[in-house]
There are 2 protein chains.
Amino acid sequence: MKVAKFGGSSVANATQIKKVGEIIKGDQERKFIVVSAPGKRHKDDFKMTDMLIKMGTAYISNEEYEEYFTKVLGRFNEIILELNLSQTLIEEIEVTIKQTLALNVDSNMKMDAIKAIGEDSNAKIISAYLSDIGISSSYINPKEAGIIVSDEPGNARILPDSLAKIYTLRDKDGVFVIPGFFGYSEEGKLVTFSRGGSDITGSIIAAGVQASLYENFTDVNSVYTVNPNIVENPKEITTLTYKEMRELSYAGFSVFHDEALIPAIRARIPVCIKNTNNPEARGTYIVAEREVNDQCVSGIASDTGFCSLYVSKYLMNREIGFGRKLLNILEDEGISFEHAPSGIDNMSVIIRERNLTPEKEEMIINRINNELHPDTVSLQRGIAVIMVVGEGLVNTIGVANKATSAFVKANVNIEMINQGSSEVSMMFGIQANDLDKAITALYHSFFD
Amino acid sequence: MKVAKFGGSSVANATQIKKVGEIIKGDQERKFIVVSAPGKRHKDDFKMTDMLIKMGTAYISNEEYEEYFTKVLGRFNEIILELNLSQTLIEEIEVTIKQTLALNVDSNMKMDAIKAIGEDSNAKIISAYLSDIGISSSYINPKEAGIIVSDEPGNARILPDSLAKIYTLRDKDGVFVIPGFFGYSEEGKLVTFSRGGSDITGSIIAAGVQASLYENFTDVNSVYTVNPNIVENPKEITTLTYKEMRELSYAGFSVFHDEALIPAIRARIPVCIKNTNNPEARGTYIVAEREVNDQCVSGIASDTGFCSLYVSKYLMNREIGFGRKLLNILEDEGISFEHAPSGIDNMSVIIRERNLTPEKEEMIINRINNELHPDTVSLQRGIAVIMVVGEGLVNTIGVANKATSAFVKANVNIEMINQGSSEVSMMFGIQANDLDKAITALYHSFFD
């Protein structure tokens with residue numbers, strides 16, 4: 001029994017939805033279909049969710065909203081027409097939108113309900129289409145499916161009781177099409193997940209029904225071993241572990257919405273990234289454990305926009321609580337840190353630059369000086385982080401050497417190395433302007 | 001104007017003290033002489049301070065102490081006789097010991113006064129000897145010299161006003177011999193520094209008189225680039241910076257009592273390690289700054305007896321305060337950590353094994369499980385730490401590669417790398433039983 005989730009580009013228009021139909025037909029195990037709202041059909045297109053937000057914001061602010069309303073309805077109508085589905089569908093959607101706009105609830109709750117129209121309507125359309133091509137399909141609302149969430153508009157979290165309820169869906173006949181992105185609070189309010197939350201719905205359903213596989217259909221054949229914007233035609237990754245995926249996605253691999261996979265991971269459901277436009281391609285599997293082969297590095301991820309806060313004080317390591325106090329100051333100021341290597345008499349804290357405004361920087365440096373009396377404190381911006389990721393890497397002699405050789409070859413100075421805190425990765429910090437040549441050298445070193 | 005401090009083996013007997021006399025004669029700049037108590041004359045010998053502690057403990061416990069008293073007095077008498085000094089000296093020392101034992105003060109204060117007899121008596125003897133060979137020398141008591149300390153028996157700290165008082169010694173004529181290891185509280189109580197504290201006295205005097213050089217006479221020609229017990233006849237280090245010295249001494253280089261140099265470092269006084277038995281040897285200089293040459297690695301230090309506490313939790317880096325809370329638990333339990341590298345979803349804390357009893361370990365792991373709800377927490381013992389130390393190392397391309405190549409050559413797996421938190425070192429963690437081959441390979445890689 002599989003859960004298949006289709007992202008925005010996979011359900012952007014009738015052509016794409018027909019592909020989805022073929023995919024569902026192709027494997028009878030595909031019983032639970034989770035769908036996004038229509039995404040972009042081409043580079044300059046709009047995403048349905050963005051248009052719904054515009055419409056909702058205008059409506060709530062008592063501004064002109066009809067232009068957006070027309071675009072929303074027009075796009076759904078186009079899909080329905082091209083799929084030759086009944087016109088009652090578009091009439092139903094129109095009624096739903098009008099009723100949602102007119103809801104007598106607070107504005108946060110109303111916005112959540114408006115945003116959810118994209119997925120909800122698309123699920124109804126796709127279910128109707130699947131029936132039309134001979135699949136015994138039903139639309140199922142998240143409330144009915146059992147997706148019970150916390151009452152945090154735009155940031156819902158799944159409640160523990162949901163999974164047992166969802167499990168009972170297994171016994172029902174036919175294929176179910178479930179709109180992604182939202183659930184219902186215990187009081188019955190519609191609440192959305194954070195943006196990109198259709199992945200969360202898919203993950204929850206996969207965990208709930210204890211799927212044999214959670215298929216995540218996108219518009220790429222697989223995850224690549226390195227950013228294809230830096231290295232042309234890089235190798236594809238066939239299998240990743242959850243841990244590897246997480247380390248890669250940290251540094252720029254936008255495989256997944258970070259938190260989306262948690263329910264599937266907790267239930268140890270294998271996940272597969274597949275291409276709606278090329279469903280024959282094997283895709284990339286993300287699993288709990290994998291066999292470690294000779295090629296111990298799975299992928300190389302990188303990201304820019306980091307800075308390093310450096311604090312030194314003679315005999316720091318004798319001062320019980322120094323590190324804790326430093327992290328405490330950051331916590332007080334609401335700064336999460338990425339990495340905090342410490343030496344004998346010094347400690348560095350790597351922070352995302354976007355989290356550190358000049359005001360915050362000044363505040364933090366003042367507090368460190370006043371409260372910790374260090375010998376020096378300084379901040380370096382413009383750092384790029386590279387993650388070399390692979391299960392088994394930590395126990396393989398020579399991986400660090402292979403990596404550092406690549407940096408020498410690329411004539412790049414390594415500002416920072418962190419190996420050993422993670423079981424599956426090695427982290428390097430370099431100057432951001434050296435990034436492309438470092439990544440290229442690393443790729444050739446590990447994958448040629 | 002120089003301060004020369006002579007360690008225990010440099011003043012262990014008359015032969016050694018005669019060498020000290022020659023050294024003082026050899027350079028008129030040597031005005032302040034700080035001396036330890038007599039150390040071991042051969043492998044099975046006793047150190048004067050140990051014997052004084054035995055005597056004091058026995059006396060305070062109302063046990064037989066005369067045997068120790070006789071050994072203490074006998075040893076001083078032997079030195080006095082061999083140096084052909086007046087017998088009134090030994091009579092004075094005997095009176096001092098008896099008066100000290102009979103002091104009507106609490107036992108901590110009495111022990112401090114007893115322990116100080118070794119340095120104090122030796123200073124009197126050495127000053128008398130210097131006068132005897134024609135040097136205008138005076139013994140000066142630490143109270144008179146201005147060494148005013150906190151009232152913490154066995155762990156005194158210098159008080160800020162001391163340095164100005166000590167500075168006035170510059171204007172007095174002649175050479176001064178000052179016993180190391182103790183000072184006086186503001187109330188006039190004798191209080192000792194922690195063990196090895198004669199280095200502290202030397203450092204304080206050097207800072208106070210703003211010496212041009214603080215010479216620390218020991219029984220080695222210099223500091224070696226690597227532990228000579230692992231690599232035979234290693235190269236000598238000619239110049240180190242304070243920071244380099246600190247990183248080396250952390251991992252097994254017992255160049256100095258760790259805190260001893262703080263006063264000299266704060267005053268930016270250059271320090272020189274020299275050999276009493278071979279004063280012609282250049283020695284090793286420890287300075288605030290040095291020119292960085294091609295050979296960017298100064299030394300390689302190593303130490304065993306570390307363990308690694310590993311904690312992982314999915315999405316740890318999203319949880320503001322996670323690292324702080326972990327360090328907080330360690331702080332609560334009085335555990336200082338050496339190094340705390342963190343990754344995306346994990347954090348390791350390197351702790352000296354001796355600081356982590358099995359009871360503490362259980363307590364800490366329970367608290368981490370209960371308070372932080374990690375996915376995994378584990379402890380690995382038997383780790384050795386290697387520090388590759390050198391100013392400029394961080395900005396030199398290829399140092400990490402040279403080091404990791406050595407590990408490959410030695411067929412040693414690197415469990416942990418930390419570069420970048422320190423400006424002058426790179427830290428590696430390996431299995432302790434791989435230490436000798438790793439060190440040997442690193443030495444040959446950097447120094448051949």
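- Per an unreviewed UniProt entry, chain A is named Aspartokinase, and its organism is Oceanobacillus piezotolerans.
- UniProt annotates chain A under Function (unreviewed entry) with the comment "Catalyzes the phosphorylation of the beta-carboxyl group of aspartic acid with ATP to yield 4-phospho-L-aspartate, which is involved in the branched biosynthetic pathway leading to the biosynthesis of amino acids threonine, isoleucine and methionine."
- Regarding chain A, the UniProt comment filed under Catalytic activity (unreviewed entry) reads as follows: "L-aspartate + ATP = 4-phospho-L-aspartate + ADP".

**Observations regarding the domain arrangement of chain A**
Consideration 1: Each assigned domain of chain A is listed here: domain 1 (2-219) and domain 2 (299-447).
Consideration 2: Between the C-alpha centres of domain 1 of chain A and domain 2 of chain A there is a distance of 41 Å.

**A closer look at helix H9 (residues 198-208) of chain A**
Residue and element names in this part refer to chain A.
Consideration 1: Counting buried residues along H9, eleven of its eleven residues qualify, which places the element largely inside the surrounding structure.
Consideration 2: When we look at burial in H9, the residues that qualify are Ser198, Asp199, Ile200, Thr201, Gly202, Ser203, Ile204, Ile205, Ala206, Ala207 and Gly208.
Consideration 3: Phi turns positive, to about 50°, at glutamine 210, one or two residues after H9.

**Quick look at unusual backbone geometry**
Trans is the common state for peptide bonds, and a negative phi is the common state for residues other than glycine.
Residue and element names in this part refer to chain B.
Consideration 1: A positive phi is found at arginine 268, a non-glycine position, where the angle reads about 55°.
Consideration 2: Structurally, arginine 268 can be placed in the loop between helix H11 (262-266) and strand S11 (271-275).
Consideration 3: Backbone geometry at asparagine 411 places phi at a positive 60°, although glycine is not the residue there.
Consideration 4: Looking at the element boundaries, asparagine 411 is found in the loop between helix H14 (399-409) and strand S16 (416-419).

**A few points about the sheet that holds strand S15 (residues 376-389) of chain B**
Either a parallel or an antiparallel arrangement is found when strands of a sheet pair, and the pairing is made through backbone hydrogen bonds.
Consideration 1: Spatially, ten strands are ordered S14(A)-S13(A)-S15(A)-S17(A)-S16(A)-S16(B)-S17(B)-S15(B)-S13(B)-S14(B) in an open sheet, and the strand pairing comes out antiparallel. Because the sheet does not close on itself, it has two edges, and the strands there are strand S14 (346-352) of chain A together with strand S14 (346-352) of chain B. On average, each strand axis in the sheet is tilted by 30° relative to the strand beside it, whichever way the strands run.
Consideration 2: When strand S16 (residues 416-419) of chain A meets strand S17 (residues 425-431) of chain A, the two strands line up antiparallel, connected through four bridges. Residue pairing for S17 of chain A: asparagine 418 of chain A is matched across the bridge by methionine 427 of chain A.
Consideration 3: Helix-sheet contacts for H14 of chain B involve S16 of chain A together with S15, S16 and strand S17 (425-431) of chain B, and the interaxial angle to S17 of chain B is about 20°.

**With respect to the pattern of salt bridges**
All names here are of chain B.
Consideration 1: All told, the structure shown has 47 salt bridges over all chains when counted by the stated rule.
Consideration 2: Here lysine 2 and aspartate 27 are joined by a salt bridge, their closest N and O atoms 2.5 Å apart. Here lysine 2 is found in strand S1 (residues 2-6), whereas its partner aspartate 27 is found in the loop between helix H1 (14-26) and strand S2 (30-35), with 25 residues between them in sequence.
Consideration 3: Exposure remark for lysine 2: the relative accessible area of 16% places this residue in the buried category.
Consideration 4: Judged by its relative accessible area of 16%, aspartate 27 falls in the buried class.
Consideration 5: Here lysine 115 ties to aspartate 112 by a salt bridge, and the two come within 3.7 Å at their closest N and O atoms.

**Observations concerning helix H6 (residues 117-132) of chain B**
All names here are of chain B.
Consideration 1: Taking 1.5 Å per residue as the helical rise, H6 with its 16 residues ought to reach 22 Å, and the 22 Å between its terminal C-alpha atoms agrees with that figure.
Consideration 2: Along H6, the residues classified as buried are Ile117, Gly118, Glu119, Asp120, Ser121, Asn122, Ala123, Ile125, Ile126, Ser127, Tyr129 and Leu130.
Consideration 3: One or two steps after H6, the chain reaches glycine 134, where phi turns positive at roughly 95°.

**Side note on empty space enclosed by the protein**
Consideration 1: Taken as a whole and judged by the stated rule, the model has ten cavities of 30 Å³ or more.
Consideration 2: Lining the largest cavity are 21 residues; nearest its centre among them are Met316, Glu319, Phe322 and Gly323 of chain A together with Phe337 of chain B.
Consideration 3: For the lining of the largest cavity, the secondary-structure elements that each account for two or more residues are helix H12 (322-332) and S14 of chain A together with helix H12 (322-332) of chain B.
Consideration 4: The residue makeup of the lining of the largest cavity, split by class, is nine nonpolar, eight polar and four charged.
Consideration 5: Its volume calculated, the second largest cavity comes out at about 110 Å³.
Consideration 6: What lines the second largest cavity is a set of 15 residues, and nearest its centre among them are Phe337 of chain A together with Met316, Asn317, Phe322 and Gly323 of chain B.
Consideration 7: Contributions of two or more residues to the lining of the second largest cavity are made by H12 and S14 of chain B.
Consideration 8: Of the residues in the lining of the second largest cavity, the class split is six nonpolar, seven polar and two charged.

Parameters and conventions
Residues numbered from 1 in each chain as written. Chains lettered and ligands numbered in written order. Predicted model: local features only at pLDDT ≥ 70, side-chain atom pairs only at ≥ 80, totals over all residues. Heavy atoms only, no water. UniProt positions renumbered as here; feature names shortened; annotations may be inferred. Domains from an automatic or database assignment. Buried < 20%, exposed > 50% of the residue type's maximum accessible area, 1.4 Å probe, protein only. Helix = DSSP H or I, 4+ residues; strand = E, 2+ residues; numbered from the N terminus. Pairing = 2+ DSSP bridges. Axes fitted to C-alpha atoms, helices over the stretch in contact; angles between N-to-C directions. Contact = heavy atoms within 4.5 Å. Salt bridge = Lys/Arg side-chain N within 4 Å of Asp/Glu carboxyl O. Expected span 1.5 Å × (residues − 1). 1 Å grid on protein atoms, 1.4 Å probe; cavity = no way out; pocket = protein on both sides within 12 Å on 5 of 7 lines; lining within 4 Å. Points joined across faces, edges and corners; volume = space filled by probe spheres on them. Nonpolar A, V, L, I, M, F, W, Y, C, P; charged D, E, K, R; others polar.

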